[in-house]
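Per-entry structural report
Given next are the chains, with one letter for each unit.
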Amino acid sequence: MSKYYVTTAIDYVNAKPHLGTAYEKIGADCLARYKRLAGFDTYFLMGTDEHSTNVEKEAAQLGEDAQAYCDRMAEEFEAVWAKLHISYDQFIRTTDPSHANAVQDIFQKIYDNGYIYTGLYKGLYCVSCEEFVGEKDLVDGKCPRHQQEPEWIEETNYFFALSKFSDRLRNHIETHPEFIQPDIRRNEILNVIKLGLEDVSISRTGKKWGVPLPMAENQVVYVWFDALINYVSALGYAGGSNEKFLRYWPADCHIIGKDITRFHCLIWPAMLMAADITLPKCVFGHGFVYSRGTKMSKTLGNIVDPNEMASFFGADVLRYILLRGIAFNRDGDFTVEQSITRYNAELANELGNLFSRTLSMVQRYRKGEIPEWTSEAGADYNRLTEGMVDQYQVFMDRLAFDEALDAMWKSIQAANRYVEEKKPWELARADDKAALWNTLRALLEVLRTVSVLCVPFMPVKAAEMRGQLGLPDDISAMKLEEARNPGDTGWKKIGAITPLFPKLESPAEE
Ligand SMILES: [Zn+2]
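This report concerns the structure included in the present document. Here the residue index of a chain counts from 1 through its sequence in written order. Only residues with pLDDT of at least 70 are given local features in this predicted model, and only at 80 or more are side-chain atom pairs given and counted; all residues enter the totals for whole chains, interfaces and linings. The basis for every side-chain value is the complete set of non-hydrogen atoms in the structure, without hydrogens or water.

Once that is clear, we can look at the coordination of the zinc ion. Coordination here is defined by N, O and S atoms within 2.8 Å of the metal (3.2 Å for Na, K and Ca), and since water is not considered, a site can look incomplete. For the zinc ion, the full set of protein donor atoms is Cys126 (SG), Cys129 (SG), Cys143 (SG) and His146 (ND1), at a range of 2.1 to 2.3 Å. Because the angles between the four donor atoms bound to the zinc ion fall within 100 to 117 degrees, the donor set is best described as tetrahedral. The motif formed by the donor residues of the zinc ion, counted along the single chain, is C-x2-C-x13-C-x2-H. Here the residue cysteine 129 occupies a position in the loop between β5 (116-126) and β6 (131-133), and cysteine 143 occupies one in the loop between β6 and β7 (151-160), the gap between them amounting to 14 residues. On the accessibility criterion, cysteine 129 (9% relative accessible area) is buried. For each residue, the accessible area found with a 1.4 Å probe, counting protein chains only, is set against the maximum for its type, and the residue is called buried under 20%, exposed over 50%, and partly exposed in between. The buried category is assigned to cysteine 143, whose relative accessible area is 2%. Donor angles set the geometry label: tetrahedral for four donors if every angle is between 85 and 135 degrees, square planar for four and octahedral for six if opposite donors exceed 155 degrees and the others are between 65 and 115, irregular for anything else. Secondary structure follows DSSP: runs of H or I at least 4 residues long count as helices, runs of E at least 2 residues long count as strands, and numbering of each begins at the N terminus.

A word on the packing of aromatic side chains. The aromatic pairing rule takes the rings of Phe, Tyr and Trp, using the six-membered ring of Trp, and pairs them if the centres are within 6.5 Å, calling planes under 30 degrees apart stacked, those over 60 edge-to-face and the rest tilted. With the rule as written, the count across this model stands at 31 aromatic pairs. Of the aromatic side chains, those joined through ring pairs into one cluster are Tyr5, Tyr43, Tyr231, Tyr237, Phe245, Tyr248, Trp249 and Trp268. When the NZ atom of lysine or the CZ atom of arginine is within 6 Å of a ring's centre and also within 35 degrees of its normal, the charge is said to sit over that ring. A cation over a ring is seen here: arginine 366 above tryptophan 437, with NZ or CZ 4.5 Å from the ring centre. Just above the ring of phenylalanine 501 sits the side chain of lysine 461; from NZ or CZ to the centre is 5.0 Å.

This brings us to helix α10 (residues 261-274). Any helix carries an expected span of 1.5 Å times its number of residues minus one. Across its 14 residues, α10 extends 19 Å between first and last C-alpha, which sits within 8% of the 20 Å expected from 1.5 Å per residue. Note that bend, as reported per residue, equals the angle between axes fitted to the 7 residues terminating at that residue and the 7 residues originating from it. Of all bends in α10, the biggest is about 25 degrees, found at isoleucine 267, and the proline proline 269 comes one to four residues later. Immediately downstream of α10, the backbone of aspartate 276 shows phi near 60 degrees, a positive value.

Our focus in this paragraph is unusual backbone geometry. Proline 182 follows glutamine 181 through a cis peptide bond whose omega is -10 degrees. Relative to the helices and strands, proline 182 resides in the loop between β8 (180-181) and α6 (183-195). Omega for the peptide link from tryptophan 249 to proline 250 comes to 5 degrees, which places this bond in the cis form. One can find proline 250 in the loop between α9 (243-248) and β13 (253-257). Residues other than glycine seldom take positive phi values, yet glutamine 147 does so here, at roughly 50 degrees. Within the secondary structure layout, glutamine 147 lies in the loop between β6 and β7. By relative accessible area, which is 48% here, glutamine 147 ends up partly exposed. Residues other than glycine seldom take positive phi values, yet aspartate 431 does so here, at roughly 60 degrees. Among the secondary structure elements, aspartate 431 is positioned in the loop between α17 (424-429) and α18 (433-454).

Now for the nonpolar core. Only buried residues count toward a nonpolar core. Its members are Ala, Val, Leu, Ile, Met, Phe, Trp, Tyr and Cys residues joined through side-chain atoms within 4.5 Å. Among the nonpolar cores identified, the biggest contains 103 residues, and Trp81, Phe334, Leu351, Tyr392 and Phe457 are the most heavily contacted of them. Broken down by element, the residue count for this core peaks at 11 residues, all from α18.

It is worth spelling out the pairing of strand β3 (residues 41-49) at this point. Of all nine residues in β3, nine are buried, a share of seventy percent or more. Strands qualify as paired when DSSP identifies two bridges or more between them. Looking at chain direction, strand β1 (residues 3-8) and β3 are connected through five bridges and run parallel. If you follow tyrosine 4 over to β3, its bridge partner there is threonine 42. Pairing analysis gives two bridges linking strand β2 (residues 11-12) to β3, with the strands arranged parallel. Opposite tyrosine 12, over in β3, you have aspartate 49 as the bridge partner.

A word on the packing of helix α12 (residues 315-325) against helix α13 (residues 336-366). Relative orientation and spacing of two packed helices are given, respectively, by the angle between their axes and the distance between those axes. Note on geometry: axes are lines fitted to C-alpha atoms, helical ones only across the stretch in contact, with angles between N-to-C directions running from 0 to 180 degrees. The interhelical angle for the contact between α12 and α13, taken along N-to-C directions, is 95 degrees, at an axis separation of 10 Å. As judged from the angle between their axes, α12 and α13 are roughly perpendicular. From α12, Val317, Tyr320, Ile321, Arg324 and Gly325 reach across to α13, where they touch Ser339, Arg342, Tyr343, Glu346 and Leu347. Only Asp, Glu, Lys and Arg are considered charged, only Ala, Val, Leu, Ile, Met, Phe, Trp, Tyr, Cys and Pro nonpolar, and every remaining residue, Gly among them, polar. Looking at the contact of α12 with α13, its residues break down into five nonpolar, two polar and three charged. Oblique is the label for any angle not under 35 degrees, not over 145, and not in the 65 to 115 range, which are roughly parallel, roughly antiparallel and roughly perpendicular in turn. By definition, residues are in contact when any of their heavy atoms lie within 4.5 Å.

Side-chain pairs of opposite charge can arise whenever the charged atoms involved come near each other. Between Lys or Arg on one side and Asp or Glu on the other, a salt bridge is scored when a side-chain nitrogen of the former is within 4 Å of a carboxyl oxygen of the latter. One pass over the full model with this rule turns up 36 salt bridges. Across the pair aspartate 41 and arginine 247 runs a salt bridge whose closest N-O atoms are separated by 2.8 Å. One end of the pair, aspartate 41, is in strand β3; the other, arginine 247, is in helix α9, and 206 residues separate them in sequence. Residue arginine 247 is classed as partly exposed on the basis of its relative accessible area of 35%. We note a salt bridge from arginine 186 to aspartate 183, for which the minimum N-O separation is 2.6 Å. In this pair, arginine 186 and aspartate 183 are both assigned in helix α6, three residues apart and thus about one turn of the helix distant. A single network of salt bridges, built from pairs that share partners, joins Arg441, Glu445, Arg448, Arg466, Glu482 and Asp488.

So, on to the pairing of β1. On a regular strand, each side chain points to the face opposite its neighbour's, so the side chains alternate between the two faces of the sheet. β1 sits mainly inside the fold: six of its six residues count as buried. Neither face of β1 is open: one carries Lys3, Tyr5 and Thr7, the other Tyr4, Val6 and Thr8, and all of them are buried. As paired strands, β1 and β13 are joined by three bridges and run parallel to one another. Residue pairing in the sheet places threonine 7 in a bridge with histidine 254 of β13.

Turning to the sheet that holds β7, a few remarks are in order. In space, the four strands of this open sheet follow the order β6-β5-β7-β9, with antiparallel pairing throughout. Two strands bound the open sheet, and with one partner strand each, they are β6 and β9 (200-201). As paired strands, β7 and β9 are joined by two bridges and run antiparallel to one another. Among the inter-strand pairings, phenylalanine 160 is bridged to a residue of β9, identified as valine 200.

This is the structure we're talking about:
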């Protein structure tokens, strides 16, 4: 069985996840569930990045021990992800002792290979970016991303010789066009290389919160250098057992926000080159979810709470709305009003309606029994679903989730039109049983196929659809092949019918 290893960015725990963070995890989860459905031995990693200066500060402000604070926040993160039906196989925390071992191991290895040296660092540092910032990048003396004044830092640090990897990085990116996606991100990175890479300070003096340097106990490893290593430490690299590392590394896809591509497309691959570790196959930089045109952030205070949205819409519906409404490789806007409109149009009126009208006709005309699979039913089914599964797979493999849904919805809309054309109620009145049974069976098969393809997007709703159709509803046992094999003779009867997507009213203005 082929393997597939997918990761997301690990999040700082000093603020609760916002809708943009949730969007990344939902996209990654959709991909992971799709790969499982397609038969891959899939490993899906998420986690929290806990050695940030802001985490330490936040804990201190609350009068809490930093580790206790992280424990509490990591739990909150995991609760949100559970609520959104995120199906990671492992949740790594950078304060896990096994992670620290891997960080020290890789640090030492790169040092031994001659790519880490000591030097004096002087410069401005934005603690929210956890990155040094140039004077020229500031707006009114503040970091433009965080509207915060950077700190002046002057200390003897360990440096990673990133500049020595310029040629190898450029060569790798140019010969592996799939390595950085989408194209716009690849071009940005190639441009950064062209402008010249500078070595990176990778240690902090006089700090306790972090992984101590293997060669200098009074310094800790720079939080980004520490965090990036989670992708291999999670698999047991430099730990007690590296079985998972041998099985799943290199990562097939690192899913990250477009603002941290430089860390993942330059520093991380250079670190791996320096430590003689294979590079990941792909880094995918997704776009941002805006809230009325502005990026959501704690500092800007325009956060949409994914927890609240999941309570209002239901987790599966929220997943659908985000993945259909915002192309994964671009930015998009989220508003409750637009989401309700989308829900009513696409889920209530199109998919939900197709389900309820088909199932109630099967109930009315056949007491719930599935009509026989015939060549006529097969011909209609083929016409209604032509190209759907192929297109779905092409788009899913490209992380073009919105287009995969578009491909499904073409068939759903065609099936609704088919009901209007065939007018099964007239066939029933005319007692044209053969035509009526064929029509119903074709529609049932469309719904069955759709229920399979829905699994990555709406796992709980997909199971509900299966139950109503009278099909096995254990989604973990489902296979994508089922979507290519209509006409199962073992399918006898539909299940109990309940509305899948009842219409939503707009909430009253407050
Ligand atoms: Zn900043």
